[in-house]
Amino acid sequence: MKQTKWILACVSLMLIAGLTISSCKKKAADTEEINTSVDNASAEHITSDVTTIAAQASDGNSSLPSYKTASYDQVLAGSCATVAYTAGSPVITVTFTPGATCIDGRNRSGSLTIDYSASTNGATHYRDPGFSCKITSSNYVVDGNQVNIINKTVTNTTPLGFNPASTQLSWSIKEQLNIVKNGGGTINWNCSRTKYLLNTSDTSVYHGPSRPISWSKARIGHEGTSYGTSASGIAFNATIMNMIIRDFGGCSLGGRHPIIQGTIDFTPSGHPTRVIDYGNGSCDMNATVTVNGVSHPITLP
């Protein structure tokens, strides 16, 4: 009898130990998968910011001083960058001052080059239908993270002669980049996206072809897909299920404009699909990652 009780006790301890080990492994796996989702969110913001900086620089390229003084040109870069523009040249270079803090509170260094020589319809500004630019980076670093743009093309796909009251400005974005994180590991990220100026009909935002877009009032939406590998080497695929939105005019947190709305179906290789939910429009840095019906809060980078 004593021997039977001893055996049962041993079995119970073994089961408890097994459950503990299994629970620890599950928690470690959950943490790793959530970190993979955060890596994707980080790439989303970095690539969106690069596009916005290129838009600001190229949309106001007819007058270099306006980039430094007009409110529509100071959404992200502002006084932390200088812009090299020569009349008649299709190449613009934005160079960031090392150690300077940009308007959004991020530290940037290195440079971005915007070459719009492939534009059609005589387009010379980001707002012009047919405008197409290739964006490259040189030693571009954001908050200690090295951002290497391997290939990035942004093309204005808005119909020529469009009516802004009924048609939104739109751009096609094709991109391949990697982000060497200052905490270790490299994110590889590829995307095929469509970007929309959601409030094109607002005449205080889009002023027609003769004036730059007032980016400080812009409401931006993205649709499309992405794929790549996380900093820990996990491959993933992502699809925007509900348009992800940034509101430069309605949501500014210390100069930052986070994604405030939309959902992404995010699938790491060998794992179930989880949903990254940016919320329903509240101005905050919060999002959730839902895995197998369990939601985990995350703070956006």
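So, how was this worked out
- Residues numbered from 1 in each chain as written.
- Predicted model: local features only at pLDDT ≥ 70, side-chain atom pairs only at ≥ 80, totals over all residues.
- Heavy atoms only, no water.
- Pairing = 2+ DSSP bridges.
- Helix = DSSP H or I, 4+ residues; strand = E, 2+ residues; numbered from the N terminus.
- Buried < 20%, exposed > 50% of the residue type's maximum accessible area, 1.4 Å probe, protein only.
- Contact = heavy atoms within 4.5 Å.
- 1 Å grid on protein atoms, 1.4 Å probe; cavity = no way out; pocket = protein on both sides within 12 Å on 5 of 7 lines; lining within 4 Å.
- Points joined across faces, edges and corners; volume = space filled by probe spheres on them.
- Nonpolar A, V, L, I, M, F, W, Y, C, P; charged D, E, K, R; others polar.
- Phe/Tyr/Trp six-rings, centres within 6.5 Å; stacked < 30°, edge-to-face > 60°.
- Lys NZ or Arg CZ within 6 Å of the ring centre and 35° of its normal.
- Core = buried A, V, L, I, M, F, W, Y, C linked by side-chain atoms within 4.5 Å.
- pLDDT = per-residue confidence, 0-100.

Looking at this structure, I do not really get the pairing of strand β7 (residues 186–197). What am I missing?
One ladder, built from 12 bridges, connects strand β6 (residues 169–180) with β7; its direction is antiparallel. Bridged to I173 within β7 is R193. Here β6 hands over to β7 after five residues, with G184 in that stretch at a positive phi of 110°. Relative to strand β8 (residues 219–229), β7 is paired through 10 bridges, and the arrangement is antiparallel. Its bridge partner lying in β8, L197 is registered against I220.

Honestly, unusual backbone geometry in this entry has me stumped. Any pointers?
Most peptide bonds take the trans form, and the phi angle of most residues other than glycine is negative. Backbone geometry at N121 places phi at a positive 60°, although glycine is not the residue there. Mapped onto the elements of the fold, N121 is located in the loop between β3 (108–115) and β4 (132–142). Residue N121 is classed as exposed on the basis of its relative accessible area, which comes to 54%. In this structure, N139 takes a positive phi of about 50° despite not being glycine. Mapped onto the fold, N139 is located in strand β4.

So what exactly am I meant to see when it comes to the side chain of S170 here?
By secondary structure assignment, the location of S170 is in strand β6. Note on S170: relative accessible area 10%, which makes it buried. With sequence-adjacent residues up to four places away left out, S170 is seen in contact with T155, N156, T157, T158, K195 and Y196.

Would you explain the layout of surface pockets in this entry?
Remark: the empty space left among the atoms is shown by a probe the size of a water molecule rolled over them. The space that makes up the largest pocket amounts to roughly 210 Å³. Taken together, 15 residues form the lining of the largest pocket, with S42, I46, R106, N145 and P301 sitting closest to its centre. Per-element tally for the lining of the largest pocket: the top contributor is helix α1 (residues 2–59), with six residues. Here the residues of the lining of the largest pocket are counted per class, giving five nonpolar, four polar and six charged.

I tried to follow the packing of aromatic side chains on my own but got confused; where do I start?
The tally for this structure, following the rule as stated, stands at eight aromatic pairs. A centroid spacing of 6.2 Å and a plane angle of 65° characterise the contact between Y126 and F131, whose relative ring orientation is edge-to-face. Take Y126: its relative accessible area is 0%, and that puts it in the buried class. With relative accessibility at 0%, the residue F131 sits in the buried group. Each ring, one from F162 and one from Y206, has its centre 5.8 Å from the other, and the planes form 40°; the classification is tilted. Remark: Y206 occurs in the loop between β7 and β8 and F162 occurs in the loop between β5 (145–156) and β6; sequence separation between them is 44 residues. We note that F162, like Y206, is buried. Between K195 and the ring centre of W171, over which it is positioned, the NZ or CZ distance is 5.4 Å.

Could you clarify how one ought to interpret the nonpolar core in this entry?
Side chains that are nonpolar tend, in soluble globular proteins, to be buried together. Counting 62 residues, the largest nonpolar core has F96, L197 and Y278 as the members making the most contacts within it. It is α1 that provides the largest number of residues to this core, a total of nine residues. If near-sequence neighbours (up to four positions away) are discounted, Y278 is found in contact with A41, E44, I244, I259, I260, Q261, G262, I264, N286, A287 and L300.

What's the story with the confidence of the model for the chain in this structure? I'm lost.
Low-pLDDT stretches of the model should not have their predicted coordinates read in fine detail. Scored by pLDDT, the chain has a mean of 84; 83% of the residues are at 70 or more. When the criterion is pLDDT under 50, residues 1–29 qualifies, and its contacts beyond four places in sequence or with other chains add up to zero contacts. Here residues 62–73 scores under 50 on pLDDT; set against residues more than four positions off or in separate chains, the count is 30 contacts.

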